[in-house]
Each structure stands twice: as structure tokens, then as C-alpha cells.
Amino acid sequence: MLHEISFKSYNGRDEVQGWIYVPASEPIGIVQLIHGFGEHSRRYLHMISAFLDAGYIVAADDHVGHGKTAMVSGIWSDWGDKGPHTQMEDEHTLTGMVKEMYPDLPYFLFGHSMGSFIARDYMATYGDEISGATICGTTSVFKGSHEVVPVLEKLIAEGKGEETSTEAIDILLGWMCERIEEEIQFGNEWICHDYQVQYDHANDPFDAFTKPATNRTLLDFAKMMIQIEGTEWAQKVPAGLPVYNIAGDQDPVGNYGEGVYQVSNWLVETGHDVVTRVYSGYRHEIHNYVELREQVEAGIILFMNSIVYMDYMDAFDYDEDIEF
């Protein structure tokens, strides 16, 4: 079953377009899938299908300035003027809609790349409303985020918030292909070794990279990253919220594994239960490698199942170990 939904964005301007996928079997839980920068939620159809097969309802939307939401509004790569919590608040609105339709089920987040940053913002604000979270392709300190803020604030003060600065884009994103050895054809080679994935991403009409982000949006992106740094962020995440942190060790976003482990260390240092898995030899989109994606999906499902079924056992005061 598929529900197509829409709702007013936190920015007060856009109608966010979303989907709720429901398995044919009795659902055991809900996963809210949060996509990354410059893409859209239907790039995750393989993963969505895997979650459905495992018995999970999947909720997903296209962020403001992205995908079908941008197709409907006609506004690409601009998030509005409500600040760096915009997407997080939109995701929380979606959660409320899904819970009203399907109450009393364990509720999980899966966020990739910028989606993981949004999920981390959500965890610090509304973490007591969910059962667990998978963050994929995340990082600790996003390279260039601190340096670009004064540049963008100056441009916005000059009335250039809806323009695009190539200097700011270069500071924030210009380093992504720094370790790519093959010929750069699309500028997105850092996402995956697979040419077909690169080509599909570069030519997808629903991808927001068709138009550069505005200075105002880039500032919101940088500030979103800064507000989820350090143990100061981790302390805001409920101590009882389980976290699964996954990435590739050739991912520039995660500083080639270093930033991924630092996020886990922040969580561990503040008393959280976190499992970290870094896949050796893989770039940013570990879920889009044909030879790896089923393994990645199985790991996420195992993480969620362990919570769903332990909660089930606890409800019946059942102490026997369960294996998956």
C-alpha cells in the first residue's frame, strides 16, 4: 500500500511532498527515511523495498528545494528563510502524521549524508519520541563549515541571500573530489566508484544539483552542521536512544572514517549506546554499491529488529536470548 501525502513546510512557503509505504504483512515498526543534499527519497527504492520485506512501514519525503517538493513549488535549492532547523521540523511534522495513521509501533530514523545531519538535529530535539536511529555517511566537523559562515553572512547582509556565491560553494564543497584518481566527469565521483550511479545521479531531473544552492541555504547548511558538533550536541540526545553509525572509509564527508568515529566517540563519552560500522574501500553512498547494498540494508534491519524484538520480549518479561 502507498499513501501520497503533502504538508505545509516549517518555512511557511512550500508544500512538502511525501510517501508512506506499507508492507502487505502486519507491520512490526516504522522507518522514516531522510535523504541527503541535492537528491530525493526515491533514490532509495532498493532500501525501501528491503525495509518493506522486513515488515517495516517506510515514511519519506523530499526536502524543500529538492525532488518532487521543488517540482511542485518550482523553487530549487532554496530552503526558505526560517533557518537551519527547517528540514528537521519538517521531518518531525511527517513523524506526527505517520504516528497518527499507524500508532503504537516502534519508530526509527534512517538518515544519509545531510539526512544524517537532519536526523542528529532531530535526535537532540525530539529523540525521546523515537526508538532508534541509523546515521549513514555522517561526519563530526564538516570541512569548511566554520570558515564559510562569515563569508555568507557578509553576502546576505549585502542583500545577496538569494544569489549563489561560487567562492562559498568552493569553500564548503569544493574539496569533495580531492582523493578521486579517475577522470572527473560529473563532479560527483566522490559518492560512489560505480559510473552508472554517478551518471544516474548527475542526470536525474529530480536532483537539486540542477541549480546551485543560494547563499542563504548554504548558510543554513553550515549552521546546521555547527549545531550538531561535539559532546554539547551528544548530551542533548536522550541517553537511552540506540544509534547505529555506518559509513565508507573512502567517504570525504566523513573525513575518510575519522569524522565517523568521532561522532560515535561523542555519543559514547556522553553515555549513549552506539554501534559503529565502517565499510573498507567504499565511498559516500554505501547503500548504492550493487555488491554491498544488501549487506548494508541487512545491518540496518538487524539493528532495528534487535530493538523491536527485545522490546517485545521485555513486554512479556522474557529473558531468553534472541538471535537474528
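Residues numbered from 1 in each chain as written. Predicted model: local features only at pLDDT ≥ 70, side-chain atom pairs only at ≥ 80, totals over all residues. Heavy atoms only, no water.

## Brief notes about the overall build of the protein
Within the protein, the secondary structure is distributed over 11 helices and eight strands. Its C-alpha atoms give the protein a radius of gyration of 19 Å, within 12% of the compact-globule value 20 Å for 324 residues. Each principal axis of the C-alpha atoms in the protein carries an extent, and together these give about 65 × 40 × 40 Å. Here the protein holds 324 residues, and 57% of them are scored as buried. (Helix = DSSP H or I, 4+ residues; strand = E, 2+ residues; numbered from the N terminus. Rg over C-alpha atoms; globule rule 2.2 N^0.38 Å. Buried < 20%, exposed > 50% of the residue type's maximum accessible area, 1.4 Å probe, protein only.)

## What about helix α10 (residues 258-269)?
Here α10 contains 12 residues, and its C-alpha end-to-end distance of 16 Å stays within 8% of the 16 Å for a straight helix at 1.5 Å per residue. Buried residues belonging to α10 abut α4 (114-126), β6 (132-136), α9 (230-234), β7 (243-248) and β8 (274-279). (Expected span 1.5 Å × (residues − 1). Contact = heavy atoms within 4.5 Å.)

## Observations concerning the sheet that holds strand β2 (residues 15-21)
The mixed open sheet is built from eight strands, whose spatial order is β1-β2-β4-β3-β5-β6-β7-β8. At either margin of the open sheet sits one strand with a lone partner, and together these are β1 (2-8) and β8. Each strand axis lies, on average, 15 degrees off the axis of its neighbour in the sheet, ignoring direction. Where strand β5 (residues 107-112) and β6 come together, five bridges link them in parallel fashion. Residue pairing in the sheet places His112 in a bridge with Cys136 of β6. Contacting β3 (29-34), β5, β6 and β7, α4 runs over the sheet at an angle of about 140 degrees to β5. Where α10 meets the sheet, its contacts fall on β6, β7 and β8, and the angle it forms with β8 comes to roughly 170 degrees. (Pairing = 2+ DSSP bridges. Axes fitted to C-alpha atoms, helices over the stretch in contact; angles between N-to-C directions.)

## Digging into the layout of surface pockets
Taking a probe equal in size to a water molecule and rolling it over the atoms shows the remaining empty space. Space inside the second largest pocket adds up to approximately 150 Å³. Surrounding the second largest pocket, 13 residues form its lining, Thr139, Val141, Lys143, Pro252 and Asn255 being those nearest its centre. When its residues are assigned to classes, the lining of the second largest pocket shows six nonpolar, four polar and three charged. (1 Å grid on protein atoms, 1.4 Å probe; cavity = no way out; pocket = protein on both sides within 12 Å on 5 of 7 lines; lining within 4 Å. Points joined across faces, edges and corners; volume = space filled by probe spheres on them. Nonpolar A, V, L, I, M, F, W, Y, C, P; charged D, E, K, R; others polar.)

## A short note on the environment of Ala124
Note on placement: Ala124 falls in helix α4. In this structure the C-alpha to C-alpha distance between Ala124 and Ala234, which are 110 residues apart in sequence, comes to 7.3 Å. Setting aside chain neighbours within four positions, we find Ala124 in contact with Trp233, Lys236 and Val237.

## Topic: the packing of helix α5 (residues 145-157) against helix α6 (residues 166-173)
α6 packs onto α5 with a crossing angle of 165 degrees between their chain directions and a minimal axis gap of 8 Å. Considering their axes alone, α5 and α6 lie roughly antiparallel with respect to each other. Here the hand of the crossing between α5 and α6 comes out left-handed. Here α5 contributes Ser145, Glu147, Val148, Val151 and Leu152 to the contact with α6, which in turn contributes Glu167, Ala168, Ile171 and Leu172. In the contact of α5 with α6, the residues fall into six nonpolar, one polar and two charged. (Parallel < 35°, antiparallel > 145°, perpendicular 65-115°, else oblique. Left-handed = near helix turned anticlockwise from the far one by under 90°.)

## Remarks on the pairing of β2
Two faces belong to every sheet, and in a regular strand the side chains alternate between them. With six of seven residues buried, β2 lies mostly within the body of the structure. The sheet contact formed by β1 and β2 spans seven bridges and is antiparallel. Within β2, the position partnered with Lys8 by the bridge is Glu15. Connecting β1 to the next strand, β2, in antiparallel fashion are six residues, including Gly12 with a positive phi near 75 degrees. Where β2 lies against strand β4 (residues 56-62), five bridges are found, and the strand directions are antiparallel. Among the inter-strand pairings, Gln17 is bridged to a residue of β4, identified as Asp62.

## Observations concerning unusual backbone geometry
At Asp104, a residue that is not glycine, the phi angle is positive and equals roughly 65 degrees. Tracing the backbone through its elements, the reader meets Asp104 in the loop between α3 (86-101) and β5. The exposed category is assigned to Asp104, whose relative accessible area is 80%. Phi angles above zero are rare outside glycine, and Tyr256 is one such case at about 55 degrees. As for its position among the elements, Tyr256 is in the loop between β7 and α10. Note on Tyr256: relative accessible area 13%, which makes it buried.

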